[in-house]
Amino acid sequence: MLTDKKALVTGGSRGIGKAIVKQLAESGCSHILLTDIAFPDGEDACASEIQKEISNSNTNIIAFKADASSLEDAHASIEEAVNKMGGLDILVNNAGITKDNLLLRMSEKEFDDVININLKSVFNYSKAVLKPMIKQRYGRIVIIASIVGLIGNPGQSNYVASKAGVIGFTKSLARELASRNITVNAVAPGFIKTEMTDKLNEEQKANMLKSIPLKRLGTPEDIAKVVGFLCSPEADYITGQILAVDGGMTM
Ligand code: NAP
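Details of the overall build of the protein chain
Step number 1: A count of helical and extended segments in the protein chain gives 9 helices and 7 strands.
Step number 2: Radius of gyration (C-alpha) of the protein chain: 17 Å, near the 18 Å computed for a compact globule of 251 residues.
Step number 3: Of all intrachain contacts in the protein chain linking residues separated by at least 6 positions in sequence, the fraction that spans at least 24 positions is 76%.
Step number 4: With the model as given, the accessible surface of the protein chain reaches about 12,000 Å², and the carbon-plus-sulfur share is 53%.

What about the sheet that holds strand β3 (residues 60–65)?
Within a beta sheet, neighbouring strands are joined by backbone hydrogen bonds and run either parallel or antiparallel to one another.
Step number 1: With parallel pairing, 7 strands are arranged side by side in an open sheet as β3-β2-β1-β4-β5-β6-β7. Lying at the two open borders of the sheet, with one neighbouring strand each, are β3 and β7 (242–245). Neighbouring strand axes in the sheet, compared pairwise and without regard to direction, differ in orientation by 20 degrees on average.
Step number 2: Where strand β5 (residues 139–144) meets strand β6 (residues 182–189), 6 bridges bridge the pair, whose relative direction is parallel. In the sheet register, R140 faces β6, and the bridge partner there is T183.
Step number 3: Its contacts with the sheet put helix α3 (residues 71–85) on β1 (6–9), β2 (31–36) and β3, and the angle it makes with β2 is roughly 155 degrees.

Concerning the site of the ligand
Step number 1: Neighbouring the ligand are 29 residues; R14, D36, N94, Y159 and T194 lie closest to it.
Step number 2: At 2.8 Å from a nitrogen atom of the ligand is found a main-chain nitrogen or oxygen belonging to A68.
Step number 3: Measuring from an oxygen atom of the ligand, one finds a backbone N or O atom of G190 at 3.5 Å.
Step number 4: Listed by contribution, the elements that provide at least two residues to the shell around the ligand are α1 (15–26), α6 (157–177) and α7 (195–198).
Step number 5: With 3 residues, the top contributor of residues to the shell around the ligand is α7.
Step number 6: Considered class by class, the residues forming the shell around the ligand number 15 nonpolar, 9 polar and 5 charged.

Re the packing of aromatic side chains
Step number 1: With the rule as written, the count across this model stands at 0 aromatic pairs.
Step number 2: Over the face of the ring belonging to Y138 we find K5, whose NZ or CZ atom lies 4.9 Å from the ring centre.

Overview of the side chain of Q156
Step number 1: Mapped onto the elements, Q156 comes out in the loop between α5 (148–151) and α6.
Step number 2: Since its relative accessible area comes to 10%, Q156 is described here as buried.
Step number 3: Polar side-chain contacts of Q156 include one of 3.2 Å to the side chain of D100.
Step number 4: Leave out the neighbours within four places in its chain, and Q156 touches T98, D100, N101 and V148.

A word on the environment of E53
Step number 1: As for its position among the elements, E53 is in helix α2 (residues 43–53).
Step number 2: Here the alpha-carbon distance between E53 and A38, two residues 15 residues apart in the chain, equals 20 Å.
Step number 3: Excluding anything up to four places from it in sequence, E53 contacts K18, K22 and E26.

Describing the nonpolar core
Soluble, globular proteins show a tendency: their nonpolar side chains are buried together.
Step number 1: If you look at the biggest cluster of nonpolar residues, it comprises 33 residues, and the most contacted ones within it are I20, L24, I32, V187 and V227.
Step number 2: Among the secondary structure elements, those contributing two or more residues to this core are β1, α1, β2, α2, β3, β4 (90–93), β5 and α9 (220–231).
Step number 3: Residues in contact with V227, not counting those within four places in the same chain, are I20, V92, V142, I144 and V187.
Step number 4: Counting 29 residues, the second-largest nonpolar core is a separate cluster that includes A128, M133, L173 and I182.

Some points on the pairing of β6
Step number 1: Along β6, 8 of the 8 residues are buried, which leaves the element largely enclosed by surrounding structure.
Step number 2: Alignment of β6 against β7, held across 4 bridges, turns out to be parallel. Looking at β7, one finds that A186 is bridged to I242.

With respect to the pairing of β5
Step number 1: Of all the 6 residues making up β5, 6 are buried; the element is thus mostly covered by neighbouring parts of the structure.
Step number 2: A two-sided burial pattern is seen for β5, the buried positions comprising G139, I141 and I143 on one face and R140, V142 and I144 on the other.
Step number 3: Pairing analysis gives 4 bridges linking β4 to β5, with the strands arranged parallel. Directly across from I90, in β5, lies its bridge partner R140.

Rules used in this analysis
- Residues numbered from 1 in each chain as written.
- Predicted model: local features only at pLDDT ≥ 70, side-chain atom pairs only at ≥ 80, totals over all residues.
- Heavy atoms only, no water.
- Helix = DSSP H or I, 4+ residues; strand = E, 2+ residues; numbered from the N terminus.
- Rg over C-alpha atoms; globule rule 2.2 N^0.38 Å.
- Contact = heavy atoms within 4.5 Å.
- Areas by Shrake-Rupley, 256 points an atom, 1.4 Å probe, with all protein chains shown as cover.
- Pairing = 2+ DSSP bridges.
- Axes fitted to C-alpha atoms, helices over the stretch in contact; angles between N-to-C directions.
- Near = heavy atom within 4 Å.
- Polar contact = N/O pair within 3.5 Å; in protein donor to acceptor, adjacent residues only side chain to side chain.
- Nonpolar A, V, L, I, M, F, W, Y, C, P; charged D, E, K, R; others polar.
- Phe/Tyr/Trp six-rings, centres within 6.5 Å; stacked < 30°, edge-to-face > 60°.
- Lys NZ or Arg CZ within 6 Å of the ring centre and 35° of its normal.
- Buried < 20%, exposed > 50% of the residue type's maximum accessible area, 1.4 Å probe, protein only.
- Core = buried A, V, L, I, M, F, W, Y, C linked by side-chain atoms within 4.5 Å.

None of the figures reported here should be taken as evidence of function without further support.
Given below as C-alpha cells:
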C-alpha cells in the first residue's frame, strides 16, 4: 500500500500515464499531481474527470500544465507539488513521444524533439525532485523506458536512443541516490495498446503480435501495476533495475 504517499506523474492525462495515476490512487496515495503539455478542456476538468474514475475518494488529483522538456517547467511542477501536497515521495517520469522515420529521412527536428521530450525530461524532473527527496531521506523514482531501448528497432533510432539513454540514466542515478534511501528503477513496456501504438498500421500490429509469447498486446494497466509495485514497500530493496513488461517479447 502507498497510504498517504504523494506522487507526481508526467504526461499523466492519458494512456499509460493516466493508468499510473489511477493505480497510485487505488493504492492509497493521498495526493497525485499529473502534468501534461496541454489540457484542451483545462487542468481542473482533467483532474475532476480522473477523480471520478477512481474509487479512493481520499486521493486528491491535481493537474498542472508543464512541458516535460523544459527544466524551468519541471522546477515549477515540483514546486507546485511540494506547496500543494506538502511533500513529494514518488516521481514517475512517463511523458514521451514518437517521431518515427528511417535515419535516411529523419530530420534534425525529429531527432531533437524525441530526445528532448523522452530523455531530457527525465533529467529535468529527476534533478528538480532531488532536493525535496534528499531532505526527507525517502524517494521512489520510476522511469518509463521501452524494450526497444534494450533491443533496438528500425525506423526509431531517435526513440531508441532516448530510451537506451533513460536506461543508463536509471542505473547511474540509482547508484548516486542509494545512500539517501531513494530508489530509481525503470519499467520497459513492450507493445501496449494506447494512442501511441494506435498509429501503427494493421500489418505492423499483426507482425508485432507474432513476436509476443503471451499472444496479446499489453494494457496501460499492465504497466501501471508494476509501477505501483516498484513504489510500494514490497520493492524497498530493489534499485537500478530495468523491468521488462512485454508479454515475454525480450526473454
Ligand atoms: P501516449 O498515449 O501518446 O501519451 C503520452 C503522454 O505524454 C500524453 O499525455 C502526452 O500529452 C504527454 N506528453 C507528450 N509530450 C509531452 C511534453 N512535452 N510534456 C509533457 N507531457 C507530454 O503514450 P503512451 O503510450 O501512454 O506512452 C507513455 C510512455 O510509455 C512514454 O514514455 C512511451 O515512450 C512509453 N512506452 C509506450 C509504449 C506503448 O506501446 N504504448 C511502449 C513502450 C514505452 P498530450 O496528450 O498533450 O499529447
